[in-house]
Amino acid sequence: MKAIEINGNIKTFNRLPKNWDSDGTTIVNFNKLSDAEAEAYGFFDVVMPTYDSVTQQISNLHFDKKKKKFVYDVTDKVFSQTLEQAKETKKSEVKAMAYKLLQPTDWYGIRLAINGIALPQDITDERNEIIRKSDIAEVEIDNLTTIAEVLKYQIVLVEPIDILGSELV
């Protein structure tokens, strides 16, 4: 990524433009210039910092004269919710996910209630496992101590399916 400062404003480019107007002259094939040649026109690399997008944000793109590059500042995010609110939100996500996973087999329970037809054991086991894992997730969420930990917590109520199989060809 490249950037240039024009009249106090920084404009970024995924790559150098094909043509560029400089002092009333259009430079054709500008995108074929070397880095040194592009720098002579004010185009410098943009350094994308490594940061945690859950807890940090990038801002204030500016030119670092020492590095001769455009750089971003990395700052910590300010969260608008309390730790307890974040936990409640995450636990609501657990409940919603469990509900969605249980819903396709709810008709077995209705059939049991109305007609006394027992649920197949594999369905009972599957439903119990979802409920067990959702209970564990809620306890784990309650034990987290920072908003960042809550936001990063991954809810896993069923094992992921390997659509490629265990062997790669």
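Reference entry: report on the structure contained in this document. Because the structure is predicted, anything quoted here is derived from the model rather than measured. (Residues numbered from 1 in each chain as written. Predicted model: local features only at pLDDT ≥ 70, side-chain atom pairs only at ≥ 80, totals over all residues. Heavy atoms only, no water.)

Looking only at helices and strands, the chain has 5 helices and 7 strands in total. Each helix and strand of the chain, ordered N terminal to C terminal, gives the series β-β-β-β-α-β-β-β-α-α-α-α. With respect to the principal axes defined by its C-alpha atoms, the chain has extents near 85 × 45 × 30 Å. Per-residue burial over the chain gives 25% buried out of 169 residues. Residue pairs at least 24 apart in sequence account for 47% of intrachain contacts in the chain once pairs closer than 6 positions are excluded. (Helix = DSSP H or I, 4+ residues; strand = E, 2+ residues; numbered from the N terminus. Buried < 20%, exposed > 50% of the residue type's maximum accessible area, 1.4 Å probe, protein only. Contact = heavy atoms within 4.5 Å.)

Counting through the fold element by element, Lys-2 comes out in strand β1 (residues 2–6). Owing to a relative accessible area of 9%, Lys-2 belongs among the buried residues under this scheme. Here Asp-35 takes part through its side chain, which lies 2.9 Å from a polar atom of the side chain of Lys-2. Setting aside residues up to four positions removed in sequence, Lys-2 forms contacts with Lys-11, Thr-12, Phe-13, Leu-16, Asp-35, Phe-43, Phe-44, Asp-45 and Val-46. (Polar contact = N/O pair within 3.5 Å; in protein donor to acceptor, adjacent residues only side chain to side chain.)

Along the chain, the position of Asp-135 falls in helix α4 (residues 121–142). Relative accessible area serves as the criterion here: at 44%, Asp-135 is assigned to the partly exposed category. Along the sequence, Asp-135 and Thr-25 sit 110 residues apart, while their C-alpha atoms lie 68 Å from each other.

Remark on secondary structure: sheet strands pair via backbone hydrogen bonds, oriented parallel or antiparallel. Read from one edge of the open sheet, 5 strands run β2-β1-β5-β7-β6, paired in mixed fashion. Taken across any chain shown, the strands that pair with only one partner, and hence form the sheet edges, are β2 (9–13) and β6 (56–64). Neighbour-to-neighbour, the strand axes of the sheet open up by a mean angle of 35°, direction not taken into account. Pairing between β1 and strand β5 (residues 44–47): 2 bridges, direction antiparallel. Within β5, the residue paired with Ala-3 across the bridge is Phe-44. (Pairing = 2+ DSSP bridges. Axes fitted to C-alpha atoms, helices over the stretch in contact; angles between N-to-C directions.)

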